[in-house]
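Fold and geometry: a report
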Amino acid sequence: MKTVILSLLIFVNVSFAQTIQSPHGKLSLTFALTTGGVPTYALQFGNNPVVKTSRLGIQLKGEPSFDKGFVIASVDTLTHDETWEPVWGEVKRIRSHCRELAVTLRQPSIHDRTLIVRFRLFDDGLGFRYEFSRQEPLKYFVVSEEQTEFALTGDHTAFWIPGDYDTNEYQYTTSPLSKIDATTGKAADEIYAKTAIGRNAVQTPLMMKTGDGLYINIHEAALVDYPAMNLIVDQATFKLSSHLVPDALGNKAYMQTPAKTPWRTIIVSDKATDILASKLILNLNEPATISDVSWIKPQKYVGVWWELHVGVSSWNYADVDNVKLTETDWKSLTPNGHHGATTARVKRYIDFAATHGFTSVLVEGWNIGWEDWFGKWKEEVFDFITPYPDFDVNELQRYAASKGVKVMMHHETSSSVTNYERRMDEAYRFMKTHGYDAVKTGYVGKIIPRGEHHDGQWMVNHYVRVAEKTAQNRIMVNMHEPVRPTGLHRTYPNWLACEAARGNEFNAWSHGNPPEHETILPFTRLMGGPMDYTPGIFQIKMNHYRPERGEQVHTTLAKQLALYVTLYSPLQMAADLPENYERFPDAFQFIKDVDVDWDETIILAAEPGDYLTVARKAKNRDAWFLGAITDEHARSSKVSLDFLPGQSWYVASIYADAPEAHWEKNPMAYHIEHVLVNSRTTLDLRLAPGGGAAVSLKPATADDMRRRKE
Ligand code: NOJ
Ligand code: CA
């Protein structure tokens, strides 16, 4: 191993080099100062280079940069090994075991300014960040670009979406790095507010596979007070360079020492399943500071939501526009007759939630402003406290409480974030007064302050402010259209989920998400944290609502069930209409049974873009759930249940595609089977094109065993 690293270093003139190994020696990292005092790093997996010697550095505006002229001031190494328990998650306990190398660099010609590069090397990957200590020659500075590079070893296959300052709602493309053309961003015209960077720019998490079968994932951890990082791909040399999201003036970040950047993360393995099992990003985030977490509840919810997206009802109360928040008497508007969030309709959802064991009911379109909402880029749209005349907040508070159900608040900010910031305190007070303890926020449209971007430093700070303020008010939060997550749910466990990718909603009104979409999401978007994908659509084709409609969900019904297991989130919606669930009560049983918080997760089989099989053990109870999904190809998946304990018998309820099922031709054909199984059983799951299978496993009772003998 050392020989390989040394041979890499021979090509460059090195004045200092140090190599560390990960705890079990799987990875090695070399930091080196090359000619001119330029800091670099290189990463190897066994004998395979993952990242060749690559530059590190930060460019400052109006002053000399942190990119050359360095000498070594000091080098520290240490080992971290701790095990911690997340408030909720895919596993009960997480071990964080790594070797750390902290290099303090000094620039003798620039008043001895110092910069620390801190590396943490785990067996499943590397994290590193820049730290700027409080120092006389450096108190305030503006970052004009980060110069971090990732020099890859070849033309890897990449699973990418276009680099963009405002949106992550693109479809994924799979192509070699050399063939990336982000100007053709698939179905990009369906995204309303976007600011694409250019031909060879992509977003993180960037998933790649090498010709030798190595899986590499590049992302970041703990994105706080700094813009998100996109990557510019050099298509001749396969070197990726960081490109930060700018502010309205073109600057990237405003810093005051002491300060630090987020961690840059490179997760590596020769097994795709290891990438999904990695806890590296969480381990690089700070522990939670809230001590009483008893009010934070992983949960399943239903809501006045899909019916809005499929056009059965509307967010707005009246079919008018040009109504000013401050001047209009909303009581005098003529209702359009198909407003969704009426007291009666919400009661229907509350009853449904109570009958079937859902914690809460999301209600969108309850508050005035929707008439004036879409695409206006105006500052005063919603006030977050005034209900429409047909939505009785007090009565619904009483009714929901009597049924043991919570109503979930919705704050569409319309991306007028100045407006939201002004009204946030009052909005959260209103929630507490009316019994709400969870809010879904949303950022549709171009940001106000105008010129700022969804993924810039200003907005990154806003999302964190919302996480903090909701926590202070004991409110759980789910953000739509924010920057993609970076593991901050460890620090803010009330931040249950984000959308931050192309969700199921696109299947309701656009070209939708191709069958492979959900096999890529876990390797990309979900690397940073849970997604509110809103699975569980049973009525697959939209011509059910209006004959002329051609849209459809691009999966089978059984695959919609499997998504509850394969797309991890502590917050899962049963997104379809109650009326559709009532048509298929046997299939709905899986959604009622499935857990959202886990003791254990086993990634049984995975290949980005192709398939995924996951088994999870429910938190604090003896029940397992399994999900298997495929892309557009049919597959048979043999799943050994050897993860089940010892000799115990379980009843497996298998929700599978019917033999004739097909995501396009026959998506709603499923069958359900109940069989007795144990750790020696192998299930043979047959997945239709665009299909999936969901399995619940609960301990067999004496009766179940007796029936087996008969
Ligand atoms: C986009 C969100 O993703 C969706 O869930 C919500 O219904 C609409 N915005 C309206 O706020
Ligand atoms: Ca969205």
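So, here's what we can say about the structure.

Okay, the overall build of the protein chain next. Looking only at helices and strands, one finds 14 helices and 36 strands in the protein chain. Relative to a compact globule of 710 residues, whose C-alpha radius of gyration would be 27 Å, the protein chain shows 26 Å and is just as compact. Projected onto the principal axes, the alpha-carbon positions of the protein chain cover approximately 75 × 75 × 50 Å. Burial statistics for the protein chain: of 710 residues in total, 63% are counted as buried. In the protein chain, the proportion of contacts linking residues at least 24 apart, taken out of those at least 6 apart, comes to 71%. As presented, the protein chain carries roughly 25,100 Å² of accessible surface, and 50% of it is formed by carbon and sulfur atoms. Within the protein chain, the 86 negative side-chain charges are centred at a point lying 3 Å from the centre of the 74 positive side-chain charges.

This part takes up the sheet that holds strand 14 (residues 201-203). Strand order in the open sheet made by the 8 strands is 1-2-3-4-11-18-17-14, with antiparallel pairing throughout. The open sheet has two free edges, formed respectively by strand 1 (14-21) and strand 14, since each of these has just one partner strand. When strand polarity is set aside, the average angle formed by the axes of neighbouring strands in this sheet is 25°. Taken together, the 2 bridges between strand 4 (residues 48-55) and strand 11 (residues 149-152) define a ladder with antiparallel strand orientation. Each bridged residue has a counterpart across the sheet, and for V51 the counterpart in strand 11 is L152.

The next thing to look at is the site of ligand 1. Every one of the 13 residues lining ligand 1 counts as a neighbour, but E364, E412, K440, H480 and E505 are closest to it. One nitrogen or oxygen atom from the side chain of W305 is found 2.9 Å from an oxygen atom belonging to ligand 1. Take E481: an N or O atom from its side chain is 2.9 Å from an oxygen atom of ligand 1.

Here the calcium ion (ligand 2) is held by E169 (OE), E481 (OE), E499 (OE), E499 (OE) and E505 (OE), and the distances to it run 2.3 to 2.7 Å. Coordination geometry of the calcium ion (ligand 2): the 6 donor atoms subtend angles of 51 to 164° at the metal centre, consistent with an arrangement described as irregular. Coordination of the calcium ion (ligand 2) draws on donor residues from a single chain, spaced E-x311-E-x17-E-x5-E in sequence. Of the two residues, E499 and E505, both sit in the buried class.

As enumerated under the stated definition, the model contains 49 salt bridges in all. Between K252 and E145 there is a salt bridge, with the nearest N and O atoms lying 2.7 Å from each other. Here K252, found in the loop between strand 18 (239-244) and strand 19 (253-256), pairs with E145, found in strand 10 (residues 140-146); they are 107 residues apart in sequence, far enough to count as distant. A salt bridge links E548 to R546, with the nearest nitrogen and oxygen atoms 2.9 Å apart. Each of E100, R118, R120, R129 and E131 takes part in a single network of salt bridges with overlapping partners.

Glancing now at the packing of helix 5 (residues 343-356) against helix 6 (residues 393-403). Helix 6 packs onto helix 5 with a crossing angle of 15° between their chain directions and a minimal axis gap of 10 Å. Judged by the inter-axis angle, helix 5 sits roughly parallel to helix 6. Seen from above, helix 5 lies across helix 6 with right-handed handedness. For the pair formed by helix 5 and helix 6, the contact residues are T343, V346, K347, I350, D351 and A354 on the first element and E395, L396, Y399, A400 and K403 on the second. Across the contact of helix 5 with helix 6, the residue classes tally to 6 nonpolar, 1 polar and 4 charged.

Conventions used here
Residues numbered from 1 in each chain as written. Chains lettered and ligands numbered in written order. Predicted model: local features only at pLDDT ≥ 70, side-chain atom pairs only at ≥ 80, totals over all residues. Heavy atoms only, no water. Helix = DSSP H or I, 4+ residues; strand = E, 2+ residues; numbered from the N terminus. Rg over C-alpha atoms; globule rule 2.2 N^0.38 Å. Buried < 20%, exposed > 50% of the residue type's maximum accessible area, 1.4 Å probe, protein only. Contact = heavy atoms within 4.5 Å. Areas by Shrake-Rupley, 256 points an atom, 1.4 Å probe, with all protein chains shown as cover. Lys, Arg positive; Asp, Glu negative; His and termini not counted. Charge placed at Lys NZ, Arg CZ, Asp CG, Glu CD. Pairing = 2+ DSSP bridges. Axes fitted to C-alpha atoms, helices over the stretch in contact; angles between N-to-C directions. Near = heavy atom within 4 Å. Polar contact = N/O pair within 3.5 Å; in protein donor to acceptor, adjacent residues only side chain to side chain. Donors = N, O, S within 2.8 Å, 3.2 Å for Na, K, Ca; no water. Tetrahedral: all angles 85-135°; square planar, octahedral: opposite > 155°, others 65-115°. Salt bridge = Lys/Arg side-chain N within 4 Å of Asp/Glu carboxyl O. Parallel < 35°, antiparallel > 145°, perpendicular 65-115°, else oblique. Left-handed = near helix turned anticlockwise from the far one by under 90°. Nonpolar A, V, L, I, M, F, W, Y, C, P; charged D, E, K, R; others polar.

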